[in-house]
Amino acid sequence: MEAIMAHLVDKKLIERANTVLLMSILGSGLAVCVFGALSYDIAHWFNAW
């Protein structure tokens, strides 16, 4: 027997929300890496003076 389930939220909506969440985590991680690398390079340039 199959369990009868009420789908309150569409499956496609959940998939899109998960995709947006994962892409935003990936994008913010990449942005933090870029910011860290730029900060390191700028500090290195100032120490060279």
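Residues numbered from 1 in each chain as written. Predicted model: local features only at pLDDT ≥ 70, side-chain atom pairs only at ≥ 80, totals over all residues. Heavy atoms only, no water.

1. Regarding the overall build of the protein
The helix and strand tally for the protein stands at one helix and zero strands. Taken across its 49 residues, the protein has 0% of its residues classed as buried. Carbon and sulfur atoms form 73% of the exposed surface of the protein, whose accessible area is close to 5,100 Å². (Helix = DSSP H or I, 4+ residues; strand = E, 2+ residues; numbered from the N terminus. Buried < 20%, exposed > 50% of the residue type's maximum accessible area, 1.4 Å probe, protein only. Areas by Shrake-Rupley, 256 points an atom, 1.4 Å probe, with all protein chains shown as cover.)

2. Let's talk about a nonpolar patch on the surface
On the surface, L30, V34, L38, I42, W45, F46 and W49 cluster together to form a nonpolar patch covering roughly 890 Å² of accessible area. Within the secondary structure, W49 is located in the segment after α1 (11-48). When its relative accessible area of 83% is taken as the criterion, W49 is described as exposed. (Patch = residues over 30% accessible without salt bridge, like charges linked within 9 Å, V, L, I, M, F, W, Y side chains within 5 Å. Salt bridge = Lys/Arg side-chain N within 4 Å of Asp/Glu carboxyl O.)

That is the geometry; function is a separate question.
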